[in-house]
Amino acid sequence: MKIVHIYEIQDDGSSVIGCTVQLVGKEVRFKGKHAEHYEYDLDVGIFTPVGKRGKVVYPRDGLKFLKALKFQYTGSAVRASDVITQIDTNFADLEKNLWSAADNLRANADLKSQEYSTPVLGLIFLKYADNRFTKAQAEMGDTSNSRVSVGPEDYIAKGIMYLPDGARFPELVELPEGEDMGARINDAMTLREDVHPDLNGVLPKSFNTMESALLSDLLRTFNSIPSDLDVDFFGRIYEYFLGKFAMAEGQGAGEFYTPESIVKLLVNVIEPYHGKIYDPACGSGGMFVQSARFLEDHQGKTVDDISIYGQERATATLKLAKMNMAVHGLSADIRSGNSYYEDPFNCVDKFDFLLANPPFNVDGVKKENIKDDPRYPFGIPKPDNANYLWIQNFYSALNRKGRAGFVMANSAADARHSELEIRKQMIDSGHVDVIVSVSSNFFYTVTLPVTLWFFDKGKPEDRQDKVLFIDAREIFTQVDRAHRAFEPSQLEFLANIVRLYRGIDPESDLGSTDLMDKHFPYGEYVDVKG
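Remember, it's a predicted structure, so these values are computed and weren't measured experimentally.

1. Description of the pairing of strand β15 (residues 398–409)
And then number 1: A large share of β15 lies buried, amounting to 10 of its 12 residues.
And then number 2: One ladder, built from 5 bridges, connects strand β14 (residues 351–356) with β15; its direction is parallel. Each bridged residue has a counterpart across the sheet, and for Phe353 the counterpart in β15 is Arg403.
And then number 3: Taking the sense of rotation as the criterion, the β-α-β connection linking β14, helix α11 (residues 387–397) and β15 turns out right-handed.
And then number 4: The sheet contact formed by β15 and strand β17 (residues 450–456) spans 7 bridges and is antiparallel.

2. Focus on the packing of aromatic side chains
And then number 1: Within the structure shown, the criterion is met by 24 aromatic pairs.
And then number 2: An angle of 50° between the planes, with centres 5.5 Å apart, marks the rings of Tyr155 and Tyr162 as tilted. This pair shows no difference in class: Tyr155 is buried, exactly as Tyr162 is.
And then number 3: Residues Phe378 and Tyr395 carry aromatic rings whose centres are separated by 5.1 Å and whose planes lie at 55° to one another, so their mutual orientation is tilted.

3. Some points on the nonpolar core
And then number 1: Counting residues in hydrophobic clusters, the biggest one holds 54 residues, and the most contacted among them are Tyr116, Ile124, Leu218, Phe222 and Phe241.
And then number 2: Mapped by element, the contributors of at least two residues to this core are α1 (80–109), α2 (113–140), α4 (169–173), α5 (181–195), α6 (212–223), α7 (231–249) and α10 (315–327).
And then number 3: Broken down by element, the residue count for this core peaks at 12 residues, all from α2.
And then number 4: Of all hydrophobic cores here, the second largest spans 48 residues; its members include Val263, Val269, Phe353 and Phe443.

4. Comments concerning the pattern of salt bridges
It is possible for side chains of opposite charge to pair when their charged atoms get near one another.
And then number 1: Throughout the structure, instances matching the rule amount to 16 salt bridges.
And then number 2: With its nearest N and O atoms 3.2 Å apart, the salt bridge here joins Glu260 to Lys264. Remark: Lys264 and Glu260 occur in helix α8 (residues 260–270); sequence separation between them is 4 residues, near one turn of the helix.
And then number 3: Lys264 sits in the partly exposed class, given a relative accessible area of 28%.
And then number 4: Between Glu271 and Arg403 there is a salt bridge, with its nearest N and O atoms 3.5 Å apart. Here Glu271, found in the loop between α8 and β11 (275–279), pairs with Arg403, found in strand β15; they are 132 residues apart in sequence, far enough to count as distant.
And then number 5: Of the residues examined, Glu271 reaches a relative accessible area of 11% and is grouped as buried.
And then number 6: Judged by its relative accessible area of 17%, Arg403 is buried.
And then number 7: Salt bridges sharing partners connect three or more residues here, namely Glu271, Arg403, Asp456, Arg499 and Glu507.

5. Considering the sheet that holds strand β12 (residues 306–312)
And then number 1: Here we have 8 strands laid out as an open sheet, ordered β13-β12-β11-β14-β15-β17-β16-β18, and mixed in their pairing. A strand with exactly one partner marks an edge of an open sheet, and here the two such strands are β13 (332–336) and β18 (468–472). Within this sheet the neighbouring strands show an average axis-to-axis angle of 15°, counted without direction.
And then number 2: Of the pairings in the sheet, the one linking β11 to β12 comprises 5 bridges and is parallel in character. Each bridged residue has a counterpart across the sheet, and for Ile277 the counterpart in β12 is Ile308.
And then number 3: In the packing of α8 onto the sheet, the strands contacted are β14, β15, β16 (432–438) and β17, and the crossing angle to β15 comes to about 155°.

6. Let's talk about α8
And then number 1: Within α8, 9 of the 11 residues are buried, which leaves it mostly tucked inside the rest of the structure.
And then number 2: Within α8, burial applies to Ser261, Ile262, Val263, Leu265, Leu266, Val267, Asn268, Val269 and Ile270.
And then number 3: Once α8 finishes, Glu271 follows within two positions and takes phi at roughly 50°, a positive value.

7. Things to note about the environment of Leu515
And then number 1: Tracing the sequence through the fold places Leu515 in helix α14 (residues 513–519).
And then number 2: You can call Leu515 partly exposed: its relative accessible area is 27%.
And then number 3: Taking C-alpha positions, Leu515 is 8.1 Å from Ser489, a pair spaced 26 residues apart along the chain.

8. Quick word on the environment of Thr209
And then number 1: Take Thr209: it is sitting in the loop between α5 and α6.
And then number 2: Here the side chain of Thr209 touches Ser206 through a polar contact of 2.7 Å, landing on its backbone oxygen.

9. A short note on the pairing of β14
And then number 1: Across the 6 residues that make up β14, a large majority, 5, are buried.
And then number 2: When β11 meets β14, the two strands line up parallel, connected through 2 bridges. In the strand pairing of β14, Tyr278 is matched with Leu354.

10. Observations regarding the packing of α5 against α6
And then number 1: It is the contact of α5 with α6, at a shortest axis distance of 8 Å, that shows an interaxial angle of 55°. On the basis of their axis angle, the class for α5 and α6 is oblique. When α5 is examined against α6, the residues Met181, Gly182 and Ile185 are found in contact with a partner set consisting of Ser212, Leu215, Ser216 and Leu219.
And then number 2: Considering only residue class, the contact of α5 with α6 consists of 4 nonpolar, 3 polar and no charged.

Quick notes on the rules
- Residues numbered from 1 in each chain as written.
- Predicted model: local features only at pLDDT ≥ 70, side-chain atom pairs only at ≥ 80, totals over all residues.
- Heavy atoms only, no water.
- Buried < 20%, exposed > 50% of the residue type's maximum accessible area, 1.4 Å probe, protein only.
- Helix = DSSP H or I, 4+ residues; strand = E, 2+ residues; numbered from the N terminus.
- Pairing = 2+ DSSP bridges.
- Right-handed = clockwise from strand over helix to strand, strands pointing away.
- Phe/Tyr/Trp six-rings, centres within 6.5 Å; stacked < 30°, edge-to-face > 60°.
- Core = buried A, V, L, I, M, F, W, Y, C linked by side-chain atoms within 4.5 Å.
- Salt bridge = Lys/Arg side-chain N within 4 Å of Asp/Glu carboxyl O.
- Axes fitted to C-alpha atoms, helices over the stretch in contact; angles between N-to-C directions.
- Contact = heavy atoms within 4.5 Å.
- Polar contact = N/O pair within 3.5 Å; in protein donor to acceptor, adjacent residues only side chain to side chain.
- Parallel < 35°, antiparallel > 145°, perpendicular 65-115°, else oblique.
- Nonpolar A, V, L, I, M, F, W, Y, C, P; charged D, E, K, R; others polar.

Written as structure tokens, this is what we have:
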């Protein structure tokens, strides 16, 4: 079954209408409020709008999602790849403009990035919730002159945050000059938490420490986000700002942010199609966001197929994660706790997938407190270094077919003495699947290269005595002088190496064909001599 999502998009990036098309064999099924606006010609592969406005899209081979730009219909066709490029360009401009305006305000206010990031992300959350509430109001007929009786419970039943008077974004934007903006925004946050107890203590309420003029300017900046912007795009804005704040904060950002291209590679290798996903060092929740996006790209909007669990020690970062889940429309059970000592999910043998980027080379863990903990089945390492505590934590959380992908310091791969013995036991288990060496300068927090580890407890017997090593240190794109990333074709190429190794067909949607033809011309996995 192939699933295609179509959206009509305005030039400002906002979603207008759309529908879902499922191709089941030769049967075409339309779903969604606006499905009646589209027709599909199987013979030529063209979506056609019914009416004078809309678009026509030629599906590109293997493309899972088509997001088509709105234009005056003339009977001509638009390539999906061209359309997606145009949409991404339009939306990238919106992201950049919002960040530029917000960052200029910060600079003029003489605030440090860490003093500014949480309140700004909180305002993005306010705007997101307001957009969804406004849309739901119209759909439910909840207006001042309506005879329909709609209450908070009706919104909550639809997964919409109910917003009482005093908690609305437009009300804050329209406050007169001289008003105590910080106090009013704090009140709006409190009102939202009162209606939604699950958000108690999550939303930021430190706006009274910022100048009213600055807050007014920020409110007006984010009010320029289109009122009907799709939830997917709102999530991208939140992630974009997280990344920008991480870059600005540098060393302090590792606690809450893992670069997107690293996360995408982890996700594409473990392939979390369904089941329970866990991150015991979840930061701002980026691993969960990319897992959901992987599902959307490969199976359509089926996030109900995964359950999300996370643990985070830092309270401020936990709040970022919970807001991030809400902005992306994801349900998640994320709890506060120190993963060395606390196990709120009784996680041994429990999860289908695990993704993590733990802090490296941590010392001072009280080993006497964990010596009998079943999460460390290969023993407590003697050195005052927590790397192999994390690695065992990840290993033990997987069920008998579980997969894990995580970031680890390079030094862990050749650590000696008791850590070497632990590593031998893990290799002998047959569950160490793939090791990827990554170049330096991928992270905002450390310039050193890192290693990506992958476990697979469901490995077939013929691969249990093998580990795939990929040297990706020369594969990167230079983002700026100090930072590197995988571009989409490189990321897909690396994931395809693993797919070929596993006997799975490679993908080509992201442009990796040239790299595949160069290194695997016969379409089969071949070892490269080291």
